[in-house]
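So you can see what is in the structure, the chains are spelled out below.
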Amino acid sequence: MAEINHFEYGWITPALSYALSVLGSVLGLICAGRIRTAGTAGQRAWWGLLAAWALGGTAIWAMHFMAMLGFAVAGTRIRYDVPLTAASTAIAVVAVGIGLAIVGTGRLNPVRLIAGGIFTGAGVATMHYTGMAAMRLNGSLGYDTTRVALSVVIAIVAATVALWLAMTVRRPLAIFASALVMGVAVNGMHFTGMSALSVHRHEGQGDVIGTGMSTLLVPIVLAVIFGVVGLLYALLAAPTDDDRAAAAYLDGRRAPEPAAATPVVAPDPVGLRARSTLGQPGTPFPSRREMPPR
């Protein structure tokens, strides 16, 4: 049994992972709030996609990656399988997106909320253990069944609460407080799942095949930075409820344009205009040569 260290760099990595989960939760809750006020199906899909990326990509997966920076096993290097690592990212984003679609279409009720929470929580747990399966080291991984089940339950409960908050919370202070709670839940699920892990090291094996954490760090950090900047730009550029209310107020105060004046026709009591072309404006006076014979 190999010795496992979850905090190789002290409390730096768990503090950063918690900060990422809170940041992603704040952005995700704000984007989810825009789903409720969107006027068209396209706008709802757009804000749902951004909320799924903020929650699934930043609050969950980036938090998982940051926490894994502090994971080490004595006597062996750790490498990662890039396709499986990318697949774990897609699983997290898709699971959150489908969960938001379940609770965000139609009126929110307990059945929708529980169904969305179960699906999203199962997806988050799948993301976690897919990311663990992407690890390559001189040893085999084992898991304690009871703690794995507990981590799945925590993921489902946390996902259900997160979806409920995404559909109900609106005030900035409430959003921030909810993000703090969600950060605790996401990190609790991660470290509960990590506590279920055991490594049986293999002696006498060669180099570990895969990509090192330092190689993955730069592109993933850049992806997180550009993702957060893009989310902030989308939120700042989009009109808020106050902006729409102000625009409607100004439209209501704007004076209507005057209607085009209709030409006034002079009265013709004896019907001369109907019997003669002389009554029509612009008609030339006929000469005697043009007049018909009697």
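Everything quoted here is computed from the prediction, not taken from an experiment. (Residues numbered from 1 in each chain as written. Predicted model: local features only at pLDDT ≥ 70, side-chain atom pairs only at ≥ 80, totals over all residues. Heavy atoms only, no water.)

**Points about the nonpolar core**
Counting 65 residues, the largest nonpolar core has W47, M68, F71 and M135 as its most contacted members. When contributions to this core are tallied by element, the ones reaching two or more residues are α1 (12–37), α2 (41–68), α3 (82–104), α4 (110–133), α5 (145–168), α6 (172–195), β6 (197–201) and α7 (213–237). With 14 residues, the top contributor of residues to this core is α2. Setting aside residues no more than four positions away along its own chain, W47 makes contact with C31, R34, I35, A38, A234, L235 and A238. (Core = buried A, V, L, I, M, F, W, Y, C linked by side-chain atoms within 4.5 Å. Buried < 20%, exposed > 50% of the residue type's maximum accessible area, 1.4 Å probe, protein only. Helix = DSSP H or I, 4+ residues; strand = E, 2+ residues; numbered from the N terminus. Contact = heavy atoms within 4.5 Å.)

**Quick word on a nonpolar patch on the surface**
A cluster of nonpolar side chains, namely V218, V221, L222, I225, F226 and V229, defines an oily patch on the protein surface of about 550 Å² accessible area. Looking at the secondary structure, you find V229 in helix α7. Its relative accessible area of 48% is what places V229 among the partly exposed residues. (Patch = residues over 30% accessible without salt bridge, like charges linked within 9 Å, V, L, I, M, F, W, Y side chains within 5 Å. Areas by Shrake-Rupley, 256 points an atom, 1.4 Å probe, with all protein chains shown as cover. Salt bridge = Lys/Arg side-chain N within 4 Å of Asp/Glu carboxyl O.)

**Section: the environment of S214**
Examined against the element boundaries, S214 turns out to sit in helix α7. In the structure, S214 is positioned 135 residues away from R79 in sequence and 9.7 Å away in space, judged by C-alpha atoms.

**Considering α3**
For an α-helix the count is 3.6 residues per turn, leaving residues at separations of three or four pointing the same way. With 23 residues, α3 ought to run about 33 Å at 1.5 Å a step, and its terminal C-alpha atoms sit 33 Å apart, in line with that. N-capping of α3 is provided by D81, with a side-chain oxygen placed 3.0 Å from the backbone N of L84. Two residues or fewer after α3 comes G106, characterised by a positive phi angle close to 85°. (Expected span 1.5 Å × (residues − 1). Polar contact = N/O pair within 3.5 Å; in protein donor to acceptor, adjacent residues only side chain to side chain.)

Remember that the coordinates give geometry; whether it matters functionally is a separate question.
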